[in-house]
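Single-letter residue listing:
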Amino acid sequence: MTRWARTPEGGLRGHQQDLPGDEIYQRIRESVLRNRIGPGTKLAEVKLCELFGANREVVRRALIRLASDGLVEYYPKRGAFVASPTDQQVEHVRDARIAIEGDLAARLAGRIDEAALAELDRITTEQIDHQRAGELAAAVELSGTFHVTLAEAGGNPFCVKYLVELTALTCLAIAKYAVPPNAGCPLDDHITITAALRTEDGPRAAELMRTHLGRVHKAILDRARRPAPSPELSDLI
């Protein structure tokens, strides 16, 4: 699975093992994306120091990296919390992703190399396997990986940087609002998008991507805005 680390130039590169607090960063990141730690959970530094056997400075660096990815909200005096996207933030994420990824798909259609296409196929296959096995959180995480991998294929480090954060927020929103798996990221969409990228039909690839992202975020917003169920009297007495 693709991992990302920031380069000195401010871009993103494949994950390296020698960064301070790297193992802490990776383990918390995976736990958040797989919904083992839910949105809004406080990540207490003292507890993390005990858990990882690390000093506070190393833990704090890991949390700041997670905040730069959009997975954590870090407040110097209050501490760190797993991000908990609001419905308005979901709308903003949707609009940003449609703008960036629609253009990206249009430009890459017929130009993306075979190695990148093979990786997109592999991710989709693995995602399907996880979903069929009932490993839904892992499937959602791979959905984000699909989109970031496509951004990497475009060769623009700024697109990758923004999509790391945006896809993470989408994954967190799916977890927060308990969106059904196939609504959260329909797997057939990834298959059709990859197929379109193999052709030179940029407008079709862009439209498929925009439709896909609109569908994903509509499913989140529908769940976020549904009326709270009225409790039964028998449950209250």
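Details of the structure are given in the entry above.
Fair warning: this is a prediction, and the values are worked out from it, not measured in the lab. (Residues numbered from 1 in each chain as written. Predicted model: local features only at pLDDT ≥ 70, side-chain atom pairs only at ≥ 80, totals over all residues. Heavy atoms only, no water.)

Okay, the nonpolar core next. Grouped together as the largest cluster of nonpolar side chains are 59 residues, with contacts concentrated most on I28, L43 and L197. When residues of this core are assigned to their parent elements, the largest contribution, 10 residues, is made by helix α7 (residues 157–176). Beyond its immediate stretch of four places on either side in the chain, L197 contacts A105, L108, A109, G110, I112, L117, L120, L150 and A205. (Core = buried A, V, L, I, M, F, W, Y, C linked by side-chain atoms within 4.5 Å. Buried < 20%, exposed > 50% of the residue type's maximum accessible area, 1.4 Å probe, protein only. Helix = DSSP H or I, 4+ residues; strand = E, 2+ residues; numbered from the N terminus. Contact = heavy atoms within 4.5 Å.)

Looking now at the packing of α7 against helix α10 (residues 202–224). Running from amino to carboxyl end, α7 crosses α10 at an angle of 40°, the nearest separation of the two axes being 9 Å. When the axes of α7 and α10 are compared, the crossing they make is left-handed. Between α7 and α10, the contacting residues are T170, A173 and I174 on the first element and V216, H217 and I220 on the second. Class assignment for the residues of the contact of α7 with α10 results in four nonpolar, two polar and no charged. (Axes fitted to C-alpha atoms, helices over the stretch in contact; angles between N-to-C directions. Left-handed = near helix turned anticlockwise from the far one by under 90°. Nonpolar A, V, L, I, M, F, W, Y, C, P; charged D, E, K, R; others polar.)

Next up on the list: the packing of helix α1 (residues 22–33) against helix α3 (residues 56–68). Relative orientation of the contacting elements α1 and α3 amounts to 45°, with a least axis distance of 8 Å. Classified by the angle between their axes, α1 and α3 sit oblique to one another. Seen along the crossing, α1 lies across α3 with a hand that is right-handed. Judged by residue contacts, D22, I24, Y25, I28 and R29 of α1 engage V58, V59, A62, L63, R65 and L66 from α3. (Parallel < 35°, antiparallel > 145°, perpendicular 65-115°, else oblique.)

On to the sheet that holds strand β4 (residues 72–75). Read across the sheet, three strands follow the order β3-β5-β4 without closing on themselves; strand pairing throughout is antiparallel. Each edge of the sheet is formed by a strand with only one pairing partner; in this case those strands are β3 (42–43) and β4. As defined by bridge partners, β3 adjoins strand β5 (residues 79–82) across two bridges and the pair is classed as antiparallel. Counterpart to K42 in the pairing with β5 is F81. (Pairing = 2+ DSSP bridges.)

Among the secondary structure elements, G102 is positioned in helix α4 (residues 87–108). The exposure class assigned to G102 is buried, which follows from its relative accessible area of 0%. With 103 residues separating them in the primary sequence, G102 and A205 have C-alpha atoms 7.8 Å apart. G102 has contacts with R97, A206, M209 and R210, leaving out every residue within four places of it along the chain.

All right, on to the packing of aromatic side chains then. Across all of its chains, the model carries one aromatic pair by this definition. Positioned above the aromatic ring of Y25, the side-chain terminus of R65 is 3.7 Å from the ring centre. (Phe/Tyr/Trp six-rings, centres within 6.5 Å; stacked < 30°, edge-to-face > 60°. Lys NZ or Arg CZ within 6 Å of the ring centre and 35° of its normal.)

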